[in-house]
Structure formats: C-alpha cells, structure tokens
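So you can see what is in the structure, the chains are spelled out below.
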Amino acid sequence: MTDVLAGITQELADRYRIERHLGEGGMATVYLAHDLKHDRDVAIKVLRPELTAILGGERFLNEIKVTANLQHPNILPLYDSGEAGSFLYYVMAYVEGETLREKLSREKQLALDEAVKIGQAIAGALEYAHQHGVIHRDIKPENILLQSGQALVADFGIALAVSAAGGTRLTETGLSLGTPQYMSPEQATGDRQIDARSDVYSLGAVVYEMLTGDPPHTGSTVQAIVAKVLTESPLPVTRTRETVPPNVDAAIRRALAKTPADRFTSAAHFAEALANPAFSLPTPTDARGAPASAPGPWNRLSVIMTGVAALLLLTTLLGWLRSQPAEPVSRYSVQLPEEQALQTRRGSRLAISPDGSRLAYVGPGEGGGQLWIRPRDQLRATPLPGTAGAAHPFFSPDGSRVGYLSLPGAQRVMVASLGGGPPVSLVDSGVGADGATWGPDGYLYYDGITAGGTTGIMRVPERGGLPQPVTIVDTSRGETDHIWPEALPGGKSLLFTIMHGTRVDEADIAVLDLASGTTRVLVRGIAAEYSTSGHLLYVTADGTLMAAPFDRKRLELGGEGWAVANGLAVRAFGSVDLALSATGTLLYLTGTRLTEPTELVWMDRSGQAEPVDPGWVGDFRSLALSPDGRQIAVSIEQEQAFDEHVWVKRLPRGSLTKLTFEGSENFQPAWTPDGRSVTFASNRNRNRDLYVKRADGSAVAELLVDRDVDVREGRWSNDGEWLVFWAGTTQSGSILARGKGPDAEPMPLVTDGFSPRLSPDGRWLAYVSDETQSFEVYVRPFPNAGTAKWQVSTNGGLFPVWASSGRELFFRSLANELVAVEILPGATFAMGERRVLFSLTGYANGFGAYDVTPDGQRFLLIRYRDGGQGDELIVVENMFEELRRQGQ
C-alpha cells in the first residue's frame, strides 16, 4: 500500500492532493484527495496492481467512459479517470456519510420503512443504468453510500469495465467480479452474458440483509456460499422478522429466484412490489396443476361430487359449444409511419371508437400536435382539420364525434365532428389537463379546476351549457386531485383516479355513483377502463395492465385481479396510452419509463439545437441560468421515488450537485442577483412556500415567503431590493412584491395573474393572465402596477422571459413558437418588431421550462428525447374471450 500511495501521490500531484487512505475494496484501494482545480474533496480509487497488469490502460479507460455518462440522483458520479504511471485510477465524488455496510454493522437490522426506502432508491439507480445498457454486477452494502438520508450507488459499471477490458485473463488474478453473498446464480457460474435480472437478484439480497441482519446465504468459504446460492432457497424473511408484510417477503423471494426468468424483469418492478400491499406470489401447484397440499377425505369427496356435476353440465353444453366455437384471440403490433407518428402530449394520446372501426390519436401538427383519424381497414391516417393543440382524444358513444382537450394555454374541452365542420368549444376555462370522457347520459366529464383552485371532476352537457362539479377533492383524506375520468355504460357511474400528492404509486382507482354522489375506492392504480365483458382493466404504477371481475350494478370488484400485460408506458402524471372498444378490441402502448425522457439543449436564434451535456438525461421540470451564465439550477423528478428536487450544474460539463433534500416538491429555481444563492418553491412545510439556499449547499435553506395559499415562484429585481412572487393557481393566482428587510409586508400587484418577470432595469413587470378567457402576456409599470397595462401577445402567450439587455421580451405562443418582441427605449413602455424565432414542438411546455443566455443569443430548453415513436403499439382482438378465459 505504501508503494501505491507514494506512486499515485507523485503522479497526480499537479491535479490532486492525496490526503489519506480510506480503505480497500475487492478491485481497488481508496484514498481521500482534494481536487485542486475545482476545490473539492474527492475519492480516488486505484486499481490493484495485479488487475492493472493485465487490463491495459487504453482498453479500461475506453470502457469506463460508459459510467461517466450516467447522471442520476442515486448514482455516485464519476468525475475523472486515467493512467498515472503504472497505475489505473478513477475519481468519484467523496461522500461525507457512511456505507450501508457500516450502518448494518452498527444496527444489524433496519426498520422496515427505511429498508424499503433504501431498496427503492437503489432500484431507481439500477433501472436508469439498465435503460442505458449498464449492468452494475457488484451490488452490495459496501457499494451503497448513505448521505443525508439519500442512498447513492458507487462503482457503477466498474466491474463491467474490468470484465470487458480483461476478458478471460481475469481468471489469472484469482479475482471474481462480484461478491459471493450477493451474486446471482448465473454470475456465480461464470456466465458472461448477464442482464438486469442479475442486479435485481443482488438488490434482493441486500434488502434481505437489511431486514434480517444476514445475507440470504452464508458460509465459511467462498465455495460453500456459491454452492448454497446455486442449490438452496433462502429462509423467508418473515421467519426472522414476523412484522415484515407478506408483500415485502414475496417481493424479495421473487427477486432471489434461481432462474432469471422467474425474477422481476426490471428493478422498477421490484421497487413497485415492495410498496404494493397486494403483491403476492402464485400458489405452488403439483404436476397436475392442483394445489400442492393434498386434499383430505372430505376434500376428496367434494372433488368427486364436483366432478360428477361438471360432467353432467359438460354433457348438456357440449353440443352448443360445438356449434358456437370461441372467437380466437389475436395480438399484433402496429407501426405508425414516421410522418404520422404519435406526438408527446399529456394524457392518453389515442382512442378507439365504440365499434372498434376507427382509431383517433395525437399526431404531428401545429401547437404540439393535432388529431389524426385512421380507419382500422386502412393503412394510413388523415389529420382532422382545426384540431391543432389537441390532447387526450375520446369518442362520443355513437362514434360520430371525437372530443379532446385543447392544450396548452387556454385549456378547453372541444368537440369535432367526423362528418366535417369546425370544432366547437364546450368549456373555455377551468379545465385541467388530465383527462376527459363522453358519457352515455349526454354529458362530457373532464378534469376541472374550481374557482378556489381545488381540482375535481366537472361535467358539461354535450350540447353546451354551464359546467357542473361532480367530485370535490377531500383534502382531509390526503387527496390532492381527481383525474382520468372514464364514464361507465348506463350513465349512472364514473371511474376516476384519486391522487395523493405527486406520487403515482400512491394513486387509487375509484368509482362514483352519480345518483348518490358516493365514491368507493376499488384498487390501487393510475388509470382504468371498463370492459363490457364485466371486467375492470386498470394500470399499476409499474406499467402492468391488470384485470378483475367488476359488478357494475353494485360498483364493486368481484374477485382478485390478474396481470393481462406488462410494460405499458407510464408517462408524466400517470398518463397511459390505453383504449378499449365496446366490441373487445384493446390498444395499448408499451414502454419502460415512468416519466418523459428529456435532455437540456442550447438553441440558437435560428433554431439550431445542441445538447448541453451529451448523455445527461432525466425528467427535467424547471430551470434557470445563473446571472453569469456559468451554472444551471434545475428541478429534476426522480424516477421511482417521484420526488422533485433542485440540482445545480456547472457549465459546460461540470458536476451536478443536489441542492434540496426535504419535501417531495422542490421546483421553480431562480438565482439571486449575485449568483450565490437559489430561490425555489417547496412543500417541505404544510403547503408550498418560498425558500432561498446557497448554491454551494453550505448553509440551510431560509424561509422567504410563508402564506396560507401555495407560493409557486419567486423572482428578484436585479438590484436585490424587491422579491416578486406568485401565489395561488393558474386559474386564481395573484402576484405580489415584497421590499427588502425582515419587516417588509407583501404588496399586491396583480390580482389575476401568474408567471411574473421583472425587467432588468426594474421598471416593468411582465406576467400572464387569462382575464380575457385566453392566456395572454401583459406588461405593467413596477412598482406602481395599477397605473397602466399593455398587452404584449395578440393570439395567446405564456411564460415571458426578459433578455438581460431589457431590449427584448420573449414568450411562448399558443402555436408552440418562441416569439421575440422588441422593447423600445423611452420613458414609457413601447414595443417594436415582433418576430417568431423557432418552433418549440418537441420541447417541454411549462413554467420555467426555458431561459436565455446573458448575451441573448442562445436559449436553454428542455427537449423530449422522443415522442413515443420508438414504443410499440399493441392491438389485441377479441379481448373479451381472453378475459373470460383468464378469469375462470
């Protein structure tokens, strides 16, 4: 060790100052060092000399590049790697915490909630890496770091890099890639072609140990442990911990299955099962398919009598069955032409007519997409005129019309006739973005927003009229939203989804009796469809399509559910692409993500885009450039955990540092004028409040604004004298300003507005309001906002942003374009030329979804990686027969 320390200290002296030895691993020696260039502590891992001797620097460093592109909140980032003399090394973030091994050594067993939380965080990191083609191969407590309650997985891809670079020569070192107690059986036997299920096994072993205090298999030698891994089943967790719920025990047992095909297909599915009280394993059967336990005498008699009755019934029905053969069930995938492909939109993007003859979906068009209609007997679709900006299509009960939501901007409930004529708007305000349906009772039901900001289901007559509330969110029960309504036949009841916060894995499918107003929760899930065969189809958070018998008269499930299909694409806000006709044709879109895959890009004024940091992807929500343009503050929603947190990244391709840790919603970052701190909204208290925190994380967050209603965004004047913020909702928001000083009281500026932005010179306030029933951008004097008002946009506008020069004001039009408006100098506000810079189709459309560089020449945007074109559209014909057969 002394030779290694001396050698690496000398070789890296110009870049890193080696502080001390931290420990030894199976493949590397670890040192604490100080990064001289970036003034930060790091962990330098130096490969063991025997490994270095056979790997060769170039091959290993080429392979490790894959790891450098992994950017995930639960993955310890790789900063650097290289060859220093005779040493191969890699540099990772230094975590001032402890490893899971150290915690287990101290506590032996962890509390159930803590163990599940850690397991789900690790699963999130694994799912992300697996989607990028990287298998960890060495998941164990030593490679899991704990910092401020967050789990971080270290050494991602290092084992893969060593394996790929060393090949069969690794056997010469006597080293094994992986740790015996946590190795999957296929890894233990030396299989070179392993996949994500091997990591799932290792994670199952780690969760097992967190709950029981020991790995699933132990032994006095490596050989003894491997023999048990290959031949013995571990004792159930409940044998040691009786308080462990059955679903957690079942999930662990499935993860530890000997055969990969018997395990979860993904880490995401394992995480979902850990949190799903309904998860269980199939009942074992004997060779004849009967329950494994042998029947007693009375059971045998029952079996005999039941068999006699069944034989008589079979004789009676045999002739009828011969003359009425069951329709075959068929499955196939449909490929939409690229020029007609599905577009990225909120909600379900496809619908099928009740008779199954037509498909309506959101395809290419202005405003982010328009409706396309494809007859089932034809190969191509045609656009439906006048439906630009359409989302979430749904058919009328007779199939002659199609309804849809018009997004973004002034969200409306629209109806278009398939026989021709312009679309008609039924509701022009108070419309949410999460679903609508056409009931047989002559009403359209939709996700609504009431005047007070409480969301629930609304309805409007199909011929037009006054909207009426149907459901009211019960906040006393932790409800936050009612979405994805689905009308049931008969017009007497309605399915919908109840949200509890932002986590889709905590959503429930409920049914409403329209006559009595009574709501009943049926099952945990994110969206549901009713099958006229008498079944409820519903989708779980992990993308599993389930079916269960459903009594439409009693509005209750008639038995346990079973899986119909796996791998449905679950997108943002729990939306899925799922449709079922009244004749039994089912359509659904497959995929592997819970959120939309996005990346940050630079866009010049001509519309040419390039990634900010190639390979950096995630579920980016809102962002802000620092005043000097050298850092980005961005809120990212974490897959599986469903938490949104603010991160800070140095440009051009610097480190990514987590800034917020409390609460489940931290969003709308904004920099203070000096560029040292970040303001953001957070729900860490009883509701969303405004906080500020040093960008380097060196101090705790300070509460800035605490009000009875949600505070969603705060912006500073350039001189730091004013804080302008927006409180409420997009339908009933208000804009206020507070002067500097602890005793300053907020001053109301606009009673009906949101998305405030102060001009660089502090003279003008730009904001958005729907006071004319359409979202438009306005400007008022500041701070005397009541003295004048100018309308900047003419045909709808959202999300204003000032150029740092103050000579331009940018906004997003309802036609999905970025518009630049020239601001003329002078004592009063005056506008000059108005120009469309480029289309924003394919880019995120939300609060804080773009910013402009200090020189005004480039824009920072959130771009969707794809619009779903790479997913597979599955069609199942005669789904009713499938449901009847599986439900028997």
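Because the structure is predicted, anything quoted here is derived from the model rather than measured. (Residues numbered from 1 in each chain as written. Predicted model: local features only at pLDDT ≥ 70, side-chain atom pairs only at ≥ 80, totals over all residues. Heavy atoms only, no water.)

Looking now at unusual backbone geometry. The step from Leu651 to Pro652 runs through a cis peptide bond, and the omega angle for that step is 10 degrees. You can see Pro652 is positioned in the loop between strand S37 (643–650) and strand S38 (656–658). Along the chain, Phe782 connects to Pro783 via a cis peptide bond; the corresponding omega equals 10 degrees. In the Ramachandran plot, Leu555 falls in the positive-phi region, its phi being about 55 degrees despite a non-glycine side chain. Judged by its relative accessible area of 11%, Leu555 falls in the buried class. (Helix = DSSP H or I, 4+ residues; strand = E, 2+ residues; numbered from the N terminus. Buried < 20%, exposed > 50% of the residue type's maximum accessible area, 1.4 Å probe, protein only.)

What links the strands of a sheet is backbone hydrogen bonding, and the strands pair in either a parallel or an antiparallel sense. Ordered by their spatial adjacency, 3 strands build an open sheet running S6-S7-S8, and the pairing between neighbours is antiparallel. Among the strands making up the open sheet, the edge pair consists of strand S6 (98–99) and strand S8 (150–153). Strand direction decides the pairing type here: strand S7 (residues 144–147) and S8, joined by 4 bridges, are antiparallel. Bridge pairing links Leu145 to Leu152 in S8. Strand contacts of helix H5 (residues 112–131): S7 and S8, with the helix running at about 40 degrees to S8, the strand carrying the most contacts. (Pairing = 2+ DSSP bridges. Contact = heavy atoms within 4.5 Å. Axes fitted to C-alpha atoms, helices over the stretch in contact; angles between N-to-C directions.)

Below, the discussion takes up the packing of aromatic side chains. Enumeration over the complete set of coordinates arrives at 19 aromatic pairs. Between the aromatic rings of Phe810 and Phe859, the centroid separation amounts to 5.0 Å while the plane-to-plane angle is 90 degrees, which identifies the pairing as edge-to-face. Taken together, the residues Phe810 in strand S52 (residues 808–813) and Phe859 in strand S56 (residues 858–864) connect sequence positions 49 residues apart. When its relative accessible area of 0% is taken as the criterion, Phe859 is described as buried. Members of the aromatic cluster, joined through ring pairs, are Trp726, Phe754, Phe775, Phe799 and Phe847. The positively charged end of Lys649 is found above the aromatic ring belonging to Trp616, 4.7 Å away from the centroid. If you follow Arg684 out to its NZ or CZ, it ends over the ring of Tyr691, 4.9 Å from the centre. (Phe/Tyr/Trp six-rings, centres within 6.5 Å; stacked < 30°, edge-to-face > 60°. Lys NZ or Arg CZ within 6 Å of the ring centre and 35° of its normal.)

Turning to the sheet that holds strand S21 (residues 468–469), a few remarks are in order. Read across the sheet, 4 strands follow the order S18-S19-S20-S21 without closing on themselves; strand pairing throughout is antiparallel. For this open sheet the edge positions go to strand S18 (431–438) and S21, each flanked by a neighbour on one side alone. Here strand S19 (residues 443–449) runs beside strand S20 (residues 455–461); their pairing, made up of 7 bridges, is antiparallel. Pairing of Tyr446 across the sheet is with Met458, part of S20.

What follows is about the pairing of strand S49 (residues 776–781). Here S49 lies mainly inside the structure; 6 of its 6 residues are buried. Here S49 shows two buried faces, one formed by Glu776, Tyr778 and Arg780 and the other by Val777, Val779 and Pro781. Pairing of strand S48 (residues 764–769) with S49 involves 6 bridges; the strand directions are antiparallel. What sits directly across from Ala766, in S49, is Val779. Here S49 pairs with strand S50 (residues 790–791) via 2 bridges, running antiparallel.

Now for the environment of Ser813. By the secondary structure assignment, Ser813 is in strand S52. The spatial distance from the C-alpha of Ser813 to the C-alpha of Pro800 is 9.9 Å, given a sequence separation of 13 residues. When sequence neighbours within four positions are dropped, the list of residues in contact with Ser813 reads Gly796, Gly797 and Val819.

Remark: H5 packs on helix H8 (residues 196–212), axes separated minimally by 10 Å, with the N-to-C direction vectors making an angle of 165 degrees. For the element pair H5 / H8, the angle class is roughly antiparallel. In this structure, the crossing between H5 and H8 has a hand that is right-handed. Taken together, the residues of H8 that come into contact with H5 (itself represented by Leu112, Ala115, Ile118, Gly119, Ile122, Ala123, Leu126 and His130) are Ala196, Asp199, Leu203, Val207, Met210 and Leu211. Looking at the contact of H5 with H8 residue by residue, the classes come out as 11 nonpolar, 2 polar and 1 charged. (Parallel < 35°, antiparallel > 145°, perpendicular 65-115°, else oblique. Left-handed = near helix turned anticlockwise from the far one by under 90°. Nonpolar A, V, L, I, M, F, W, Y, C, P; charged D, E, K, R; others polar.)

In this structure, Leu100, Phe156, Met210 and Phe270 are the most contacted members of the largest nonpolar core, which totals 50 residues. At the level of elements, helix H4 (100–107), H5, S7, S8, H8, helix H9 (222–231), helix H11 (246–255) and helix H12 (267–275) are the ones that each hand at least two residues to this core. The element that contributes the greatest number of residues to this core is H5, accounting for 10 residues. One finds Ala803, Leu818, Phe838 and Tyr843 within the second-largest nonpolar core, a separate group that totals 33 residues. (Core = buried A, V, L, I, M, F, W, Y, C linked by side-chain atoms within 4.5 Å.)

Because each turn of an α-helix spans 3.6 residues, side chains separated by three or four positions in sequence point in the same direction. For H8, with 17 residues, the first-to-last C-alpha span of 24 Å sits near the 24 Å given by 1.5 Å per residue. Counting buried positions over the 17 residues of H8 gives 16, a clear majority of the element. (Expected span 1.5 Å × (residues − 1).)

Here the focus is the side chain of Arg757. For Arg757, the location among the structural elements is in strand S47 (residues 754–758). Residue Arg757 is classed as buried on the basis of its relative accessible area of 9%. One polar contact links Arg757 to Glu713, side chain to side chain, over a distance of 2.5 Å. With near-sequence residues (within four places) excluded, Arg757 lies in contact with Glu713, Arg715, Trp764, Leu765, Ala766, Pro800, Val801, Trp802 and Gly848. (Polar contact = N/O pair within 3.5 Å; in protein donor to acceptor, adjacent residues only side chain to side chain.)

In terms of residue burial, H11 counts as a mostly covered element, since 7 of its 10 residues are buried. Every buried residue of H11 is accounted for by Asn247, Val248, Asp249, Ala250, Ala251, Ile252 and Ala255. Along its buried surface, H11 packs onto H5, H8, helix H10 (237–240) and H12.

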